[in-house]
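# Coordinate inspection notes
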Amino acid sequence: MERRPPSPENANTVAVTALALLGPLFGISTQVWGQALLLLGLGVLLIFAPPRRSPGALWWVLFAAILAIGLAAFLPARWFAIPEWRKTLTGELGVELPGTLSPQPWISLHAVCLLFGGLIFSLYLTTISWSQHSRREAARWYTAGIVVLATLALVSLKIGWHVPFWPKVLNSGAGFGVFPNRNQSGNLFALAGIMATALAFDGFERGRKGAVFWVASVIVLGAAIVQTYSRAGILLFFGGIGAYGLLSVLLSTSRKGGALTIAGFALLLTGFFVFGGASFERFQRLQHNSAPDYRVVIQKDALHLTAAAPWLGQGLGNFAPVFAMAREASADQNRAIHPESDWLWVAVDMGWPATILIAAACALWFRQCLPLSSGTDRAMRSAALVCGLAFILHAFADVSGHRLGTAWAALFLAGLALHPTRIVERNRWAAPVFRLLGVMLALISGWWLASVFSDRVGRIAPTVATAMILEERTTRHNIESQHDAAVVSANEALRISPMDANLYFQRGIARLVEAFSVWGTSRDFGIARFLEPRWAELCHAQGIAWTQAGQPELAYAACVEALRRAGKSGAKLYGQMLAWSHDRPALHATLARLSRNDPDYFLTFLDQADRSECAVLIGQLIQAEPDLKSFSAGQRNGLFSVWFRHGDHRLLFAELQGNPAWKKEGWRWLALLHAEAKQFQEACELMRDSVPPPMMPKIIAIKPLAELERMFRARPDDITLGLRLHTVQLSLGKTTDALETLRRLQNLPNHPAYLAFIEAGQFEESEDWEQAWRAWVKFAGAELR
């Protein structure tokens, strides 16, 4: 007798829901051992409770084609056009790359295994015929689990407790939530918020008391999303709830529920406007920022990169190193580990055919969700459908699809949206095939876990975890001055990830100290620079290393390259170089020559020079360029500031007096020099001419002096009343009393700055220029710094 498959009402509901929650539960999907546990869980499920039905030939064909393209990373590289960067690495720089299409096949193998697990999980979900009861149970357990995670995140933020395996919660934003990426945490909470909304109003429709819990859950999830500072998460949350409410009304699944959903949506949106805090401010800043979003610029470069290998891509797992060498518009002092889009990431790593196949799979899923007909639990299915579509749309602007914890959760919700009466063929070979796939997943999981806890396994069959362990070990060996061991561990790590610039840098450091191999270090440093052609800090670190090794010429060359890469931020980096080269006169003198080529560098050098050196350099500058035409207005102001702090005051005073054109930027320093020379009248007159007057209220004093004095005694914190009293006192010649009134007002906390402006004017009228100058300093103190 044929054994009946496990009922979805028991084993499948619990097991599949647990798999969807396992990734985000402890944030373990960000670690190799956590990914191994997820694959192991799915493998065990397939081995002991395999589906007896086939998802259909089209699903098998689509997923087999996607996996085949992923495996194309292991085809021989000689079968394809060799990119220029690969020719340079293997030719001029002598790097030994594997002969596969992927320059890092071990990294690609890990990514292919993750892809394999995601495809098998998707196939498994398409075989489940959810009953109304099992679908609702799965939705309740999943949503409740995410609510618990959101609550835990909020509590940990409040009390400062670090949840094990989660990112450290230092504050809201990037450090808050289940995943290091705030948009992925926001995505997880937002989709659960849509499901919680559906459960809430379904409960109200059925008259169940549990509906109140789901309403509270929506609020908790919304609060958690706000704390992530994720604009995408907020858009998914509000957009998804609004779309679900509108869909409910259009489908007449529950006009009352739809109306309540829309009303709840309005209340939630109002709450966000009122209590959104920093998250709401991020949206407001978009209105005032005319520059394109940085993610758009990265996506533009990634789109250009897809043209280099449009059919099979660069090989799974190779985006970051290849993109570092190809980026143009997005070139900046950072590392881009992904292209801010799942779709572009797939196109770069696997080519456009794989992207089209995945889009076809999404279209097939959507087709099999329709129609949302009556009697098919369309209230819950429509919410799950909205979640699936929201995830697909979010993939255009973020990479939640590449995180196992968010991807599997979204696949689970998408599975709940499938039409229960779609044709799922019962097939006798379905169970054996899925069992075989389960065994393969269990073997992959065992391999990964062994690589995490066993160096021996990692050396024979390395994983991403092995590469990370070896890289950390290399850095630690260098810090502990075990440079021979650092070379060994770096070589082992480079066998796994030969495109890692940091490994070449660390090996170069070890070689320089261990055997003083200038040639070997130069070669490793050169490879690192080639792999990271935009990163200034890498060259800066190389300059420090060469300096410590007593190689000033090589240090200078590295510093020049670092400044070239730094661009507009080069002056700050130049200042750091000057600071650590102070006790190395030869290098410091060489770096000093760079200051003559750029006014910003010159100002930076002056700021670190002593008074005598500063005086000599400024004298030479004025003699060579008396009109300072090569300096911008801001740079001239910076020059006068440094000159005043470190240079010859008499020369500065003479130059500012003799060059009326300089007064536009140098008036503040000239005023300070007048005051220094006790020429307070000239200082005050210069301030009056140069500082714009503040906005002040129009004061009309119509009451008699005695009444104003009585009123001011009763309300001494009333600024307007005090100014009326001051005006009347001045008009009656009571200047001392008027001054005392002003000072009483200035003793108030957060008093307006224009009070000092009024005080300066009063002292000027009485020709008490020294007191007037002090008032001017109080009013325009920030201008004089």
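This text follows the structure it describes.
None of the values given here were measured: they were computed from a predicted structure.

Criteria and cut-off values
Residues numbered from 1 in each chain as written. Predicted model: local features only at pLDDT ≥ 70, side-chain atom pairs only at ≥ 80, totals over all residues. Heavy atoms only, no water. Helix = DSSP H or I, 4+ residues; strand = E, 2+ residues; numbered from the N terminus. Buried < 20%, exposed > 50% of the residue type's maximum accessible area, 1.4 Å probe, protein only. Contact = heavy atoms within 4.5 Å. Areas by Shrake-Rupley, 256 points an atom, 1.4 Å probe, with all protein chains shown as cover. Salt bridge = Lys/Arg side-chain N within 4 Å of Asp/Glu carboxyl O. 1 Å grid on protein atoms, 1.4 Å probe; cavity = no way out; pocket = protein on both sides within 12 Å on 5 of 7 lines; lining within 4 Å. Points joined across faces, edges and corners; volume = space filled by probe spheres on them. Expected span 1.5 Å × (residues − 1). Polar contact = N/O pair within 3.5 Å; in protein donor to acceptor, adjacent residues only side chain to side chain. Arc of directions from axis to C-beta. Core = buried A, V, L, I, M, F, W, Y, C linked by side-chain atoms within 4.5 Å. Phe/Tyr/Trp six-rings, centres within 6.5 Å; stacked < 30°, edge-to-face > 60°. Patch = residues over 30% accessible without salt bridge, like charges linked within 9 Å, V, L, I, M, F, W, Y side chains within 5 Å. Axes fitted to C-alpha atoms, helices over the stretch in contact; angles between N-to-C directions. Parallel < 35°, antiparallel > 145°, perpendicular 65-115°, else oblique. Left-handed = near helix turned anticlockwise from the far one by under 90°. Nonpolar A, V, L, I, M, F, W, Y, C, P; charged D, E, K, R; others polar.

Attention now goes to the overall build of the protein. Counting secondary structure elements, the protein contains 38 helices and zero strands. Summarising its shape, the C-alpha atoms of the protein cover approximately 115 × 80 × 40 Å along the three principal directions. Here the protein holds 785 residues, and the buried ones make up 52% of them. Sequence separation of at least 24 residues holds for 69% of the intrachain contacts in the protein that already meet a minimum separation of 6. As displayed, the protein has an accessible area near 35,900 Å², and 61% of this comes from carbon and sulfur atoms.

This part takes up the pattern of salt bridges. Where charged atoms of side chains with opposite charge meet at close range, the side chains can pair. If you walk through the whole model with that rule in mind, you get 25 salt bridges. Between Glu764 and Arg688 there is a salt bridge, with its nearest N and O atoms 2.8 Å apart. Separated by 76 residues along the polypeptide, Glu764 in helix 37 (residues 754–765) and Arg688 in helix 33 (residues 680–690) bring together distant segments of the chain. The shortest N-O distance in the salt bridge between Glu759 and Arg743 comes to 3.7 Å. Pair noted here: Glu759 is in helix 37 and Arg743 is in helix 36 (residues 735–746), with a separation of 16 residues, a long-range link.

Here we come to empty space enclosed by the protein. Under the defined criterion, the tally for this structure stands at two cavities of 30 Å³ or more. Computed from the structure, the largest cavity encloses a volume of approximately 100 Å³. Lining the largest cavity are 13 residues, with Asp455, Gly458, Arg459, Thr466 and Leu470 positioned closest to its centre. Every element with two or more residues in the lining of the largest cavity is listed here: helix 19 (455–460), helix 20 (464–479) and helix 21 (483–496).

What follows covers helix 24 (residues 536–548). Taking 1.5 Å of rise per residue, the 13 residues of helix 24 would be expected to cover 18 Å, and the 19 Å separating its terminal C-alpha atoms lies within 8% of that figure. Every buried residue of helix 24 is listed here: Ala536, Leu538, Cys539, His540, Gln542, Gly543, Ala545, Trp546 and Thr547. As for helix 24, its buried residues are in contact with helix 22 (501–514), helix 23 (518–531), helix 25 (552–566), helix 26 (570–580) and helix 27 (585–594). Once helix 24 finishes, Gly550 follows within two positions and takes phi at roughly 75°, a positive value.

So, on to the side chain of His338. When you line up the elements, His338 lands in the loop between helix 13 (319–326) and helix 14 (342–350). At 3.2 Å, the side chain of His338 and the backbone nitrogen of Glu340 are in polar contact. For His338, the contacting residues outside a window of four places in its chain are Asn181, Ile298, Phe319, Trp345 and Val399.

If you check helix 23, its first and last C-alpha atoms are 20 Å apart, about what 14 residues at 1.5 Å a residue would give, namely 20 Å. Within the span of helix 23, buried status applies to Gly520, Thr521, Asp524, Phe525, Ile527, Ala528 and Leu531. The buried residues of helix 23 occupy an angular sector of 155° when projected down its axis, which confines them to one face. Where helix 23 is buried, its residues touch helix 4 (84–90), helix 13, helix 22 and helix 24.

Across soluble globular proteins, nonpolar side chains have a tendency to be buried as a group. In this structure, Phe189 and Trp773 are the most contacted members of the largest nonpolar core, which totals 206 residues. Per-element accounting of this core gives the leading share, twelve residues, to helix 5 (residues 105–126). Apart from the residues within four sequence positions on either side, Phe189 is in contact with Ile146, Ala150, Phe176, Val178, Leu221, Ala224, Ile225 and Thr228.

Moving on: the environment of Val95. As for its position among the elements, Val95 is in the loop between helix 4 and helix 5. For Val95, a relative accessible area of 6% corresponds to the buried category.

So, on to the packing of aromatic side chains. The tally for this structure, following the rule as stated, stands at 20 aromatic pairs. With centroids separated by 5.6 Å and ring planes inclined at 50°, the aromatic side chains of Trp60 and Phe434 adopt a geometry described as tilted. Here the residue Trp60 occupies a position in helix 3 (residues 57–71), and Phe434 occupies one in helix 18 (residues 430–453), the gap between them amounting to 374 residues. You'll find Trp60 and Phe434 in the same group, each marked buried. Residues Phe757 and Trp776 carry aromatic rings whose centres are separated by 5.6 Å and whose planes lie at 85° to one another, so their mutual orientation is edge-to-face. With a gap of 19 residues between them, Phe757 in helix 37 and Trp776 in helix 38 (residues 769–779) connect regions that are remote in the sequence. By relative accessible area, Phe757 is classed as buried at 11%. Residue Trp776 is classed as buried on the basis of its relative accessible area of 0%. Grouping aromatic residues by their ring pairs yields a cluster made of Trp60, Trp429 and Phe434.

With that settled, the discussion passes to a nonpolar patch on the surface. A surface patch of nonpolar side chains, about 300 Å² in accessible area, is lined by Val155, Ile159 and Trp161. Inspection of the secondary structure puts Val155 in helix 6 (residues 132–159).

Turning our eyes to something else, we now look at the environment of Thr475. Inspection of the secondary structure assignment puts Thr475 in helix 20. Overall, Thr475 belongs to the partly exposed group, its relative accessible area being 24%. In sequence terms Thr475 and Phe505 are 30 residues apart; their C-alpha atoms lie 9.9 Å from each other. Apart from the residues lying within four places of it in its own chain, the contact partners of Thr475 are Asn502 and Gln506.

Turning next to the environment of Ser134. Looking at the element boundaries, Ser134 is found in helix 6. It is 9.5 Å that separates the C-alpha atoms of Ser134 and Val14, two residues lying 120 residues apart in sequence. Among the polar contacts listed, one links the side chain of Ser134 to the backbone nitrogen of Ser131, at a separation of 2.9 Å.

A word on unusual backbone geometry. Cis peptide bonds are those with omega within 30 degrees of zero, and the linkage from Leu370 to Pro371 qualifies with -5°. Mapped onto the secondary structure, Pro371 falls in the loop between helix 15 (352–369) and helix 16 (378–394). Positive phi, close to 60°, is recorded for Glu340, a residue that is not glycine. Checked against the element boundaries, Glu340 lands in the loop between helix 13 and helix 14. A positive phi angle, near 65°, is found at Lys678, a position not held by glycine. The topology assignment puts Lys678 in the loop between helix 32 (663–676) and helix 33.

Below, the discussion takes up the packing of helix 3 against helix 15. At their nearest, the axes of helix 3 and helix 15 sit 9 Å apart, and the two run at 155° to each other. If you check the angle between helix 3 and helix 15, you find them roughly antiparallel. For the element pair helix 3 and helix 15, the recorded crossing hand is left-handed. Along the contact surface, helix 3 presents Leu58, Trp59, Leu62, Phe63, Ala65, Ile66 and Ile69, while helix 15 presents Pro353, Ala354, Leu357, Ile358, Ala360, Ala361, Leu364, Trp365 and Gln368. Taken together, the residues of the contact of helix 3 with helix 15 sort by class into 15 nonpolar, one polar and no charged.

Turning next to the packing of helix 37 against helix 38. The geometry of a pair of packed helices is captured by two quantities: the angle between their axes and the separation between those axes. Running from amino to carboxyl end, helix 37 crosses helix 38 at an angle of 165°, the nearest separation of the two axes being 8 Å. The orientation of helix 37 relative to helix 38 falls into the category roughly antiparallel. Here helix 37 runs over helix 38; the crossing is left-handed. Contacts between helix 37 and helix 38 pair Tyr754, Ala756, Phe757, Glu759, Ala760, Phe763 and Glu764 from the former with Trp769, Gln771, Ala772, Ala775, Trp776, Lys778 and Phe779 from the latter. For the contact of helix 37 with helix 38, the residue count by class is ten nonpolar, one polar and three charged.

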